[in-house]
Every structure is written in structure tokens, then in C-alpha cells.
Amino acid sequence: MIDIERSKATLLSALIAILVIILVYTLFTPVDLVFMNGEDEVAYKANVMIFSDLELDAEDIKCDNCTEGKGYTYTSGGQQKDFNADFGFRLEIAKTTLTNFFTFNWTDDANVIVLQAK
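Residues numbered from 1 in each chain as written. Predicted model: local features only at pLDDT ≥ 70, side-chain atom pairs only at ≥ 80, totals over all residues. Heavy atoms only, no water.

1. Quick word on the side chain of threonine 97
Next, step 1: Among the secondary structure elements, threonine 97 is positioned in helix α2 (residues 87–102).
Next, step 2: Judged by relative accessible area, threonine 97 falls into the buried class, the value being 0%.
Next, step 3: Looking at threonine 97, its side chain comes within polar contact range of the main-chain oxygen of alanine 94, at 2.9 Å. (Helix = DSSP H or I, 4+ residues; strand = E, 2+ residues; numbered from the N terminus. Buried < 20%, exposed > 50% of the residue type's maximum accessible area, 1.4 Å probe, protein only. Polar contact = N/O pair within 3.5 Å; in protein donor to acceptor, adjacent residues only side chain to side chain.)

2. Examining the environment of glutamine 80
Next, step 1: Mapping glutamine 80 onto the fold places it in strand β4 (residues 79–82).
Next, step 2: Counting along the chain gives 36 residues from glutamine 80 to glutamine 116, while the straight-line C-alpha distance between them is 9.8 Å.

3. Here we look at a nonpolar patch on the surface
Next, step 1: Where nonpolar side chains cluster on the molecular surface, the patch consists of Leu12, Ile16, Val20, Val24, Phe28 and Phe51 and spans about 610 Å² of accessible area.
Next, step 2: Secondary-structure assignment places phenylalanine 28 in helix α1 (residues 2–28). (Patch = residues over 30% accessible without salt bridge, like charges linked within 9 Å, V, L, I, M, F, W, Y side chains within 5 Å. Areas by Shrake-Rupley, 256 points an atom, 1.4 Å probe, with all protein chains shown as cover. Salt bridge = Lys/Arg side-chain N within 4 Å of Asp/Glu carboxyl O.)

4. Some points on unusual backbone geometry
Comment: phi is negative for the bulk of residues other than glycine, and the bulk of peptide bonds are trans.
Next, step 1: Non-glycine residue asparagine 47 carries a positive phi angle of around 55 degrees.
Next, step 2: Mapped onto the fold, asparagine 47 is located in strand β2 (residues 40–48).
Next, step 3: Judged by relative accessible area, which is 53%, asparagine 47 ranks as exposed.
Next, step 4: We note that phenylalanine 104 has phi near 55 degrees; this positive angle belongs to a residue other than glycine.
Next, step 5: On the basis of relative accessible area, phenylalanine 104 is assigned to the exposed category, the value being 62%.

Listed below in C-alpha cells is the structure:
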């Protein structure tokens, strides 16, 4: 009887450990945001995580007369969505890191989210 309880505890602790690893990877893996206007890169924000500030700073913008993160869209699940520094985009960052985790695509190039100007 004691052996059955121990094996269940071992399995449960292994599952909890795997979930903690996935959660830590999702929360702390950085992605890069690339803001594009056609073929031109207008802004770049490096090492953005779920808890990071998503607003563009002056040093992130690469051209003089560009918008500051307004009017950009990204594709999620085949749908165009507007970029806002909100919870929805933070879920997009989490989805990108989780997809890369489960597909074993751990390169820096895979952790890039491209946003297009409208």
C-alpha cells in the first residue's frame, strides 16, 4: 500500500516539475519585436518578455517621422490583429515561446515577432 502512494507522489512531483519548467521558460524567454513598414524596418525592440514594457522608447525607433507603435498589426492564428501593449499581445509572446519550446526551435531567429504597419 505504501509503495502505491509513493509511486503516485513521484509521478505527481515529476508532472509538477515539468509544468514549472514550462512556466519559467514561457515567462522568462525573451523575444524581439520588429516593426516594419513594407520592406523597411522602422523600429526594433529587443529582449521583450511577458512582463516587459511594450511601449516603444525613442532609442527603439530608427526613423525620424515614424509612429510610436501605433497603427501596427500582427498575424495571430491567420487573423490580423492590432498591436496594443495589452494582455492580448502578451499572450502572443507566450504563444510564440511555447510553440518554439514544444517544436524544439530554440534559436534566436525563432523568437522574433514581426509587426507590419497598416
